Amino acid sequence: MSHTAVIITVAYSIAVILGSAISFAIFRSTSRPLEEDRSGVWSRRETTWLVIMILTLFALLLGTIFYVPYGETAGPRGQVVRVVGVQYAWAIDAPQPIVTGRPVAFLARSRDVAHGFGVYNPSGTLIFQAQVVADHEQKIVHAFAEPGTYTVHCLEFCGVGHHVMSTTFEVKAP
Ligand SMILES: [Cu+2]
């Protein structure tokens, strides 16, 4: 299982367990007879719950923010590849052959509408995708681990020829 799949599975499991526990507690509370005023107790519980939620959200933030793919650079040894999407083709301009093991900065923009730059590895698995729009240069940094022929498919419906908007590029061992 991939790293992302593990994170998603764990996150969903926690959500399901918490959701079930809360639903059960609410269901139980509706069948209990009315008691004397216990607002002091509930006020303290509410504060405790607030603290737990803030700590949980902060832990989730710390645990996930380093995987956010924004603001990355390819570094001084990076390879720069320019990508232009247009209805209905991709132009991929790599000054040198793209090699494995070194980060590649894809600088992608569109000449017309929004497109989805989706890159598939030689075995056909999607490895990353990014939205590509007209007035913004989208930067995606990725280091390829294995050489081969990578396929690009447009992943944003962009018109009648969307399904033919594909191309390939080669990644070589250095
Ligand atoms: Cu498209």
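Residues numbered from 1 in each chain as written. Predicted model: local features only at pLDDT ≥ 70, side-chain atom pairs only at ≥ 80, totals over all residues. Heavy atoms only, no water.

### A short note on the overall build of the protein
Right, on to step 1. If you tally the helices and strands in the protein, you get two helices and nine strands.
Right, on to step 2. In sequence order, the secondary structure elements of the protein are arranged as α-α-β-β-β-β-β-β-β-β-β.
Right, on to step 3. Against the 2.2 N^0.38 benchmark of 16 Å for 174 residues, the protein shows a C-alpha radius of gyration of 24 Å, more extended than a compact globule.
Right, on to step 4. Contacts spanning at least 24 positions in sequence make up 65% of the contacts within the protein whose residues lie at least 6 apart.
Right, on to step 5. When the accessible surface of the protein is summed, it comes to about 11900 Å², and 64% of that surface belongs to carbon and sulfur atoms.
Right, on to step 6. Computing the positive centroid from 12 side-chain charges and the negative centroid from 12, the protein places the two 6 Å apart. (Helix = DSSP H or I, 4+ residues; strand = E, 2+ residues; numbered from the N terminus. Rg over C-alpha atoms; globule rule 2.2 N^0.38 Å. Contact = heavy atoms within 4.5 Å. Areas by Shrake-Rupley, 256 points an atom, 1.4 Å probe, with all protein chains shown as cover. Lys, Arg positive; Asp, Glu negative; His and termini not counted. Charge placed at Lys NZ, Arg CZ, Asp CG, Glu CD.)

### So, the coordination of the copper ion
Right, on to step 1. The coordination sphere of the copper ion contains the protein donors Cys154 (SG), Glu156 (O), Cys158 (SG) and His162 (ND1), at a distance range of 1.9 to 2.5 Å.
Right, on to step 2. Geometry at the copper ion is irregular, judged from its four donor atoms and the angles of 84 to 124° they form at the metal.
Right, on to step 3. Taken in chain order, the donor set of the copper ion reads C-x1-E-x1-C-x3-H.
Right, on to step 4. The exposure class assigned to Cys158 is buried, which follows from its relative accessible area of 7%. (Donors = N, O, S within 2.8 Å, 3.2 Å for Na, K, Ca; no water. Tetrahedral: all angles 85-135°; square planar, octahedral: opposite > 155°, others 65-115°. Buried < 20%, exposed > 50% of the residue type's maximum accessible area, 1.4 Å probe, protein only.)

### Focus on the domain arrangement of the protein
Interface size is often expressed as the accessible area that is lost when the parts come together.
Right, on to step 1. Assigned domains within the protein: domain 1 (3–67) and domain 2 (79–172).
Right, on to step 2. On a C-alpha basis, the centroid separation for the pair domain 1 and domain 2 is 41 Å. (Domains from an automatic or database assignment.)

### Section: the sheet that holds strand 2 (residues 89–93)
Right, on to step 1. Within the open sheet, the four strands sit side by side as 2-1-4-7. Their pairing is mixed. Each having just a single partner strand, strand 2 and strand 7 (138–143) make up the two edges of the open sheet. Pairwise comparison of adjacent strand axes, ignoring direction, gives a mean angle of 25° for this sheet. (Pairing = 2+ DSSP bridges. Axes fitted to C-alpha atoms, helices over the stretch in contact; angles between N-to-C directions.)

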